[in-house]
Amino acid sequence: MNSATMTSISTRIPAALERAAHCARVASDNKAQNVLVLDMRGITPLYDFLVLATGASRRQIHTLAEEIDAAMRGFGDVRLSIEGYQVGKWVVQDYGDVVVHVFDGESRSYYGLEDLWADAPHLDWERV
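So, here is what we can say about the structure in this document. Everything quoted here is computed from the prediction, not taken from an experiment.

**Considering the pairing of strand 4 (residues 90-94)**
Consideration 1: Pairing of strand 3 (residues 81-83) with strand 4 involves three bridges; the strand directions are antiparallel. In the sheet register, Ile 82 faces strand 4, and the bridge partner there is Gln 93.
Consideration 2: In the sheet, strand 4 pairs with strand 5 (residues 98-103) via five bridges, with the strands oriented antiparallel. Residue Gln 93 lies in a different strand from strand 5, and its bridge partner there is Val 100.
Consideration 3: Taking the residues that link successive antiparallel strands as the turn, the strand 4-strand 5 hairpin has three residues, and the phi of Gly 96 there is positive, at about 85°.

Dropping the structure here:
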(Lines give C-alpha, C1' and ligand atoms only; values in the text may rest on other atoms or scores of the structure.)
Protein backbone atom coordinates (compact mmCIF):
# COMPACT_ATOMS: atom_id res chain seq x y z
CA MET A 1 0.00 0.00 0.00
CA ASN A 2 1.19 3.48 -0.75
CA SER A 3 1.23 6.22 1.89
CA ALA A 4 -1.89 7.92 0.47
CA THR A 5 -3.86 4.67 0.85
CA MET A 6 -2.56 4.18 4.39
CA THR A 7 -3.58 7.73 5.33
CA SER A 8 -7.11 7.33 3.98
CA ILE A 9 -7.53 4.01 5.83
CA SER A 10 -6.15 5.31 9.13
CA THR A 11 -8.33 8.45 9.08
CA ARG A 12 -11.55 6.73 8.01
CA ILE A 13 -14.52 7.66 10.15
CA PRO A 14 -16.38 4.48 11.16
CA ALA A 15 -19.85 3.81 9.76
CA ALA A 16 -22.85 5.43 11.41
CA LEU A 17 -23.95 2.15 13.01
CA GLU A 18 -20.60 1.69 14.74
CA ARG A 19 -20.52 5.31 15.92
CA ALA A 20 -24.11 5.17 17.22
CA ALA A 21 -23.36 1.97 19.15
CA HIS A 22 -20.22 3.57 20.57
CA CYS A 23 -22.26 6.60 21.72
CA ALA A 24 -24.62 4.21 23.50
CA ARG A 25 -21.69 2.42 25.16
CA VAL A 26 -20.19 5.73 26.32
CA ALA A 27 -23.56 6.74 27.77
CA SER A 28 -23.93 3.39 29.52
CA ASP A 29 -20.36 3.52 30.83
CA ASN A 30 -21.19 6.92 32.33
CA LYS A 31 -24.24 5.52 34.15
CA ALA A 32 -26.97 6.72 31.77
CA GLN A 33 -30.27 4.91 32.14
CA ASN A 34 -32.54 3.43 29.47
CA VAL A 35 -30.01 3.73 26.64
CA LEU A 36 -31.60 3.04 23.28
CA VAL A 37 -30.46 3.17 19.64
CA LEU A 38 -33.16 3.49 16.98
CA ASP A 39 -32.49 2.60 13.34
CA MET A 40 -34.00 5.49 11.43
CA ARG A 41 -32.74 4.56 7.95
CA GLY A 42 -36.13 3.42 6.67
CA ILE A 43 -38.07 6.09 8.58
CA THR A 44 -36.51 9.48 7.79
CA PRO A 45 -33.90 10.80 5.38
CA LEU A 46 -32.58 13.23 8.01
CA TYR A 47 -30.27 10.83 9.87
CA ASP A 48 -29.53 7.12 10.15
CA PHE A 49 -29.48 6.47 13.90
CA LEU A 50 -31.02 8.10 16.96
CA VAL A 51 -29.37 7.47 20.32
CA LEU A 52 -31.49 8.13 23.43
CA ALA A 53 -30.27 8.15 27.02
CA THR A 54 -31.49 9.40 30.39
CA GLY A 55 -29.35 11.20 32.95
CA ALA A 56 -30.21 11.58 36.63
CA SER A 57 -29.10 15.21 37.03
CA ARG A 58 -28.02 18.28 35.10
CA ARG A 59 -24.40 17.50 35.91
CA GLN A 60 -24.73 13.94 34.61
CA ILE A 61 -26.51 15.13 31.44
CA HIS A 62 -23.64 17.54 30.78
CA THR A 63 -21.07 14.84 31.46
CA LEU A 64 -22.83 12.43 29.12
CA ALA A 65 -22.94 15.04 26.35
CA GLU A 66 -19.27 15.91 26.82
CA GLU A 67 -18.08 12.30 26.97
CA ILE A 68 -20.09 11.35 23.89
CA ASP A 69 -18.70 14.33 22.00
CA ALA A 70 -15.15 13.42 23.04
CA ALA A 71 -15.72 9.86 21.79
CA MET A 72 -17.05 11.12 18.46
CA ARG A 73 -14.11 13.50 18.08
CA GLY A 74 -11.89 10.49 18.74
CA PHE A 75 -13.38 8.95 15.60
CA GLY A 76 -12.63 12.16 13.70
CA ASP A 77 -16.29 13.16 13.68
CA VAL A 78 -17.41 16.74 14.14
CA ARG A 79 -20.53 17.81 16.01
CA LEU A 80 -22.65 19.88 13.64
CA SER A 81 -24.81 21.40 16.37
CA ILE A 82 -25.82 21.14 20.01
CA GLU A 83 -29.02 22.36 21.66
CA GLY A 84 -30.32 22.40 25.22
CA TYR A 85 -26.96 22.30 27.00
CA GLN A 86 -27.50 25.50 28.98
CA VAL A 87 -30.90 24.44 30.30
CA GLY A 88 -29.60 21.00 31.26
CA LYS A 89 -32.90 19.10 31.12
CA TRP A 90 -32.06 17.69 27.68
CA VAL A 91 -29.21 17.94 25.21
CA VAL A 92 -29.35 17.03 21.54
CA GLN A 93 -26.14 16.63 19.53
CA ASP A 94 -26.16 16.33 15.75
CA TYR A 95 -23.40 14.42 13.99
CA GLY A 96 -25.16 14.29 10.61
CA ASP A 97 -26.04 10.61 10.30
CA VAL A 98 -26.15 10.09 14.09
CA VAL A 99 -28.23 12.22 16.47
CA VAL A 100 -27.84 11.84 20.24
CA HIS A 101 -30.50 12.94 22.75
CA VAL A 102 -29.74 12.95 26.49
CA PHE A 103 -32.71 13.79 28.72
CA ASP A 104 -33.65 13.95 32.34
CA GLY A 105 -36.44 11.48 33.13
CA GLU A 106 -39.27 14.02 33.05
CA SER A 107 -38.21 15.50 29.71
CA ARG A 108 -37.76 12.09 28.14
CA SER A 109 -41.30 11.15 29.13
CA TYR A 110 -42.67 14.49 27.95
CA TYR A 111 -41.08 14.35 24.48
CA GLY A 112 -41.74 10.62 24.06
CA LEU A 113 -39.38 10.10 21.13
CA GLU A 114 -39.69 6.32 21.48
CA ASP A 115 -43.43 6.72 20.88
CA LEU A 116 -42.98 9.27 18.09
CA TRP A 117 -40.64 6.88 16.28
CA ALA A 118 -42.38 3.66 17.38
CA ASP A 119 -41.88 2.12 13.92
CA ALA A 120 -38.10 2.41 14.15
CA PRO A 121 -36.27 -0.84 14.91
CA HIS A 122 -34.42 -0.94 18.24
CA LEU A 123 -30.81 -1.98 17.76
CA ASP A 124 -28.95 -4.26 20.11
CA TRP A 125 -26.08 -1.78 20.44
CA GLU A 126 -24.25 -4.00 22.92
CA ARG A 127 -23.65 -6.54 20.13
CA VAL A 128 -22.46 -4.10 17.46
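From this point, the narrative continues.
**Brief notes about the side chain of Arg 108**
Consideration 1: Here Arg 108 is to be found in helix 4 (residues 105-111).
Consideration 2: A residue is classified by how much of its surface remains accessible, and Arg 108, at 5% relative accessible area, is buried.
Consideration 3: A polar atom in the side chain of Arg 108 sits 2.5 Å from the side chain of Glu 114.
Consideration 4: In contact with Arg 108, not counting residues within four places along its chain, are Gln 33, Asn 34, Leu 36, Leu 52, Ala 53, Thr 54, Phe 103 and Glu 114.

**Structural notes on the packing of aromatic side chains**
Consideration 1: Scanning all chains against the criterion turns up three aromatic pairs.
Consideration 2: On the basis of an interplanar angle of 70° and a centroid distance of 6.5 Å, the ring pair of Trp 90 and Tyr 111 is categorised as edge-to-face. With Trp 90 in strand 4 and Tyr 111 in helix 4, the pair connects residues that are 21 residues apart, well separated along the chain.
Consideration 3: You can call Tyr 111 partly exposed: its relative accessible area is 42%.
Consideration 4: Site record: aromatic cluster; members linked through ring pairs are Trp 90, Phe 103, Tyr 110 and Tyr 111.

**Quick look at the pattern of salt bridges**
Consideration 1: All chains considered together, the criterion is met by eight salt bridges.
Consideration 2: Of the charged contacts in the structure, one is a salt bridge between Arg 79 and Asp 69, with a shortest N-O distance of 3.7 Å. A residue pair is termed long-range when its members are at least 10 positions apart, and Arg 79 in the loop between helix 3 (58-74) and strand 3 and Asp 69 in helix 3 qualify at 10 residues.
Consideration 3: With a relative accessible area of 6%, Asp 69 lands in the buried category.
Consideration 4: Of the charged contacts, one joins Asp 124 and Arg 127 as a salt bridge, the two residues approaching to 2.9 Å between their closest N and O atoms.
Consideration 5: On the basis of relative accessible area, Asp 124 is assigned to the partly exposed category, the value being 39%.
Consideration 6: A relative accessible area of 73% means that Arg 127 is categorised as exposed.
Consideration 7: Where salt bridges share partners, they join Arg 19, Asp 77 and Asp 97 into one cluster.

Rules used throughout
- Residues numbered from 1 in each chain as written.
- Predicted model: local features only at pLDDT ≥ 70, side-chain atom pairs only at ≥ 80, totals over all residues.
- Heavy atoms only, no water.
- Pairing = 2+ DSSP bridges.
- Helix = DSSP H or I, 4+ residues; strand = E, 2+ residues; numbered from the N terminus.
- Buried < 20%, exposed > 50% of the residue type's maximum accessible area, 1.4 Å probe, protein only.
- Polar contact = N/O pair within 3.5 Å; in protein donor to acceptor, adjacent residues only side chain to side chain.
- Contact = heavy atoms within 4.5 Å.
- Phe/Tyr/Trp six-rings, centres within 6.5 Å; stacked < 30°, edge-to-face > 60°.
- Salt bridge = Lys/Arg side-chain N within 4 Å of Asp/Glu carboxyl O.

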